[in-house]
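Residues per chain, in single letters:
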Amino acid sequence: MFGGVGVPRRQARRLSLYLLSLALAAAALVLAGPGTGSADAVSACVGRPTRTVAFATGELRIYRTRQYVCALAVARRTGPPRPMSVSLQPRGGRPAVNAGRFRFQAGPVTVHALNRCVRAAATVDGRATATGWILC
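Residues numbered from 1 in each chain as written. Predicted model: local features only at pLDDT ≥ 70, side-chain atom pairs only at ≥ 80, totals over all residues. Heavy atoms only, no water.

Draft legend 1. Structural detail: the overall build of the protein. Helix and strand counts for the protein stand at 1 helix and 8 strands. Element order for the protein, N to C, with α for helix and β for strand: α-β-β-β-β-β-β-β-β. Per-residue burial over the protein gives 29% buried out of 136 residues. Long-range contacts, defined as pairs at least 24 residues apart, comprise 44% of the intrachain contacts of the protein with a sequence gap of at least 6. As displayed, the protein offers around 9,000 Å² of accessible surface, 56% of which is attributable to carbon and sulfur atoms. (Helix = DSSP H or I, 4+ residues; strand = E, 2+ residues; numbered from the N terminus. Buried < 20%, exposed > 50% of the residue type's maximum accessible area, 1.4 Å probe, protein only. Contact = heavy atoms within 4.5 Å. Areas by Shrake-Rupley, 256 points an atom, 1.4 Å probe, with all protein chains shown as cover.)

Here is the structure:
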């Protein structure tokens with residue numbers, strides 16, 4: 001196709017490099033998608049934000065759909081791995097817990113809570129917060 005009559009090899013090479021770079025740029029935009037610049041906008045929980053409880057070293061974020069409740073513990077600052085945990089318990093059920101050493105976020109934990117109250121707790125670097133029975 002290129003390098004035929006009327007198109008010198010140098011121009012053909014430039015044109016093919018240009019088209020290749022254009023295709024790579026388009027693929028990067030498709031794979032990255034819009035909004036990859038803000039880490040705060042990303043949430044691992046589905047549903048609408050229901051509560052945010054701030055404490056000294058982080059915050060407990062609670063999300064709700066019609067049938068499920070989800071919770072995250074998010075540190076105020078990213079840093080080396082530190083002890084973090086988040087738990088979510090529906091009334092009359094066992095708590096769902098995610099605990100360990102994390103850099104920024106513990107969780108998400110999700111429980112089925114259709115027509116049930118839940119309570120949530122979070123710990124980041126030794127500081128903790130908890131809610132009473134909420135979302136009743």
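Draft legend 2. The side chain of Arg-82, seen in detail. By the element assignment, Arg-82 lies in strand E4 (residues 82-90). No salt bridge forms around the buried Arg-82; measuring N to O, its nearest opposite-charge neighbour Asp-125 is 4.4 Å away. A polar contact is formed between the side chain of Arg-82 and the backbone oxygen of Arg-103, at a distance of 3.0 Å. When neighbours within four sequence positions are excluded, Arg-82 is seen to be in contact with Ala-75, Arg-77, Gly-100, Arg-101, Phe-102, Arg-103, Val-124 and Asp-125. (Lys, Arg positive; Asp, Glu negative; His and termini not counted. Salt bridge = Lys/Arg side-chain N within 4 Å of Asp/Glu carboxyl O. Polar contact = N/O pair within 3.5 Å; in protein donor to acceptor, adjacent residues only side chain to side chain.)

Draft legend 3. A look at the nonpolar core. Counting residues in each nonpolar core, the largest one holds 21 residues, and the members touching the most others are Ile-62, Val-69, Leu-88 and Val-118. Listing elements by their share of this core, those giving two or more residues are strand E2 (58-64), strand E3 (68-75), E4, strand E6 (105-112) and strand E7 (118-124). Filtering out sequence-adjacent residues up to four positions away, Val-69 remains in contact with Ile-62, Tyr-63, Arg-64, Leu-88, Val-109, Thr-110, Val-111, Ala-113, Val-118 and Leu-135. (Core = buried A, V, L, I, M, F, W, Y, C linked by side-chain atoms within 4.5 Å.)

Draft legend 4. Region of the structure containing the state of the cysteines. Within the structure shown, the criterion is met by 2 disulfides. Two residues share a disulfide in this structure: Cys-45 and Cys-70, whose sulfurs sit 1.9 Å from each other. The chirality of the disulfide connecting Cys-45 with Cys-70 is left-handed, given an S-S dihedral of about -60°. Here the residue Cys-45 occupies a position in the loop between helix H1 (9-32) and strand E1 (48-55), and Cys-70 occupies one in strand E3, the gap between them amounting to 25 residues. The pair formed by Cys-45 and Cys-70 is uniform in burial state, with each residue classed as buried. The disulfide partner of Cys-117 is Cys-136, and the gap between their sulfur atoms is 2.0 Å. Where Cys-117 bonds to Cys-136 through sulfur, the torsion about that S-S bond is close to 130°, and the disulfide is right-handed. You can see Cys-117 sitting in the loop between E6 and E7 and its partner Cys-136 sitting in the segment after strand E8 (127-130), a full 19 residues away along the chain. Ordinal numbering of bonded cysteines along the protein defines a disulfide pattern of 1-2, 3-4. (Disulfide = S-S within 2.5 Å.)

So yeah, pure geometry; function would need other evidence.
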